[in-house]
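Reading the structure
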Amino acid sequence: MEKTELKQQLKVQIIQFLNLTELTPEDIKDDEPLFGDGLGLDSIDSLELIVLLKKEYGINIQDPKEGRKILVDVNTMADYIEANGKK
């Protein structure tokens, strides 16, 4: 899958998994932080994103510190999926 397609797919999945019905994929910028001042996600959302990565891409994140490095923004998630995804 091409990187642009992967990022678009990730945005759709983030919206679906986190039930962010007020957002569209176009509302999420590739380099916008997912947590804090960016999209404003919280620790519960991070657990949901870890589940998303496991279900959709076969990526199992055990260490919360590793998760923080991966779940920075859509770009870092896409890079990690390309390097480590199984699907």
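Worth saying up front: this structure is predicted, and the values here are computed from it rather than measured. (Residues numbered from 1 in each chain as written. Predicted model: local features only at pLDDT ≥ 70, side-chain atom pairs only at ≥ 80, totals over all residues. Heavy atoms only, no water.)

Comments concerning the UniProt feature "domain: Carrier" (unreviewed entry) in the protein chain
According to UniProt, the positions carrying the feature "domain: Carrier" (unreviewed entry) are residues 1-85. Across residues 1-85, helical content stands at 56% and strand content at 0%; the span's end C-alpha atoms are separated by 11 Å. (UniProt positions renumbered as here; feature names shortened; annotations may be inferred. Helix = DSSP H or I, 4+ residues; strand = E, 2+ residues; numbered from the N terminus.)

Observations regarding helix α2 (residues 43-57)
In this model α2 runs 21 Å from its N-terminal to its C-terminal C-alpha over 15 residues, within 8% of the 21 Å that 1.5 Å per residue would give. Those residues of α2 that fall on the buried side of the exposure criterion are Asp 45, Ser 46, Leu 49, Leu 52, Leu 53 and Tyr 57. Looking straight down α2, one finds its buried side chains confined to an arc of 110°; they lie on one side. Away from its buried face by more than 90 degrees, α2 exposes Ser 43, Ile 44, Leu 47 and Lys 55. Structurally, α2 contributes buried residues whose contacts are with α1 (3-17), α3 (64-70) and α4 (74-84). If you check the start of α2, you find a side-chain oxygen 3.1 Å away from the backbone N of Ile 44, and it comes from Asp 42. Residue Gly 58 follows α2 closely and has a positive phi angle near 70°. (Expected span 1.5 Å × (residues − 1). Buried < 20%, exposed > 50% of the residue type's maximum accessible area, 1.4 Å probe, protein only. Arc of directions from axis to C-beta. Contact = heavy atoms within 4.5 Å. Polar contact = N/O pair within 3.5 Å; in protein donor to acceptor, adjacent residues only side chain to side chain.)

So, the packing of α1 against α4
Running from N to C, α1 and α4 point in directions that differ by 115°, and their axes come no closer than 10 Å. In the packing of α1 onto α4, the handedness of the crossing is right-handed. Between α1 and α4, the contacting residues are Lys 3, Leu 6, Lys 7, Leu 10, Lys 11 and Ile 14 on the first element and Val 74, Asn 75, Met 77, Ala 78, Asp 79, Ile 81 and Glu 82 on the second. Classifying every residue of the contact of α1 with α4 by side-chain character gives seven nonpolar, one polar and five charged. (Axes fitted to C-alpha atoms, helices over the stretch in contact; angles between N-to-C directions. Left-handed = near helix turned anticlockwise from the far one by under 90°. Nonpolar A, V, L, I, M, F, W, Y, C, P; charged D, E, K, R; others polar.)

Examining α4
All buried positions along α4 are accounted for by Val 74, Met 77, Ala 78, Tyr 80 and Ile 81. One side of α4 carries all its buried residues, which in axial view fall inside an arc of 165°. Residues of α4 that are buried in the fold lie against α1, α2 and α3. With a side-chain oxygen positioned 3.1 Å from the backbone nitrogen of Asn 75, the residue opening α4 is Asp 73.

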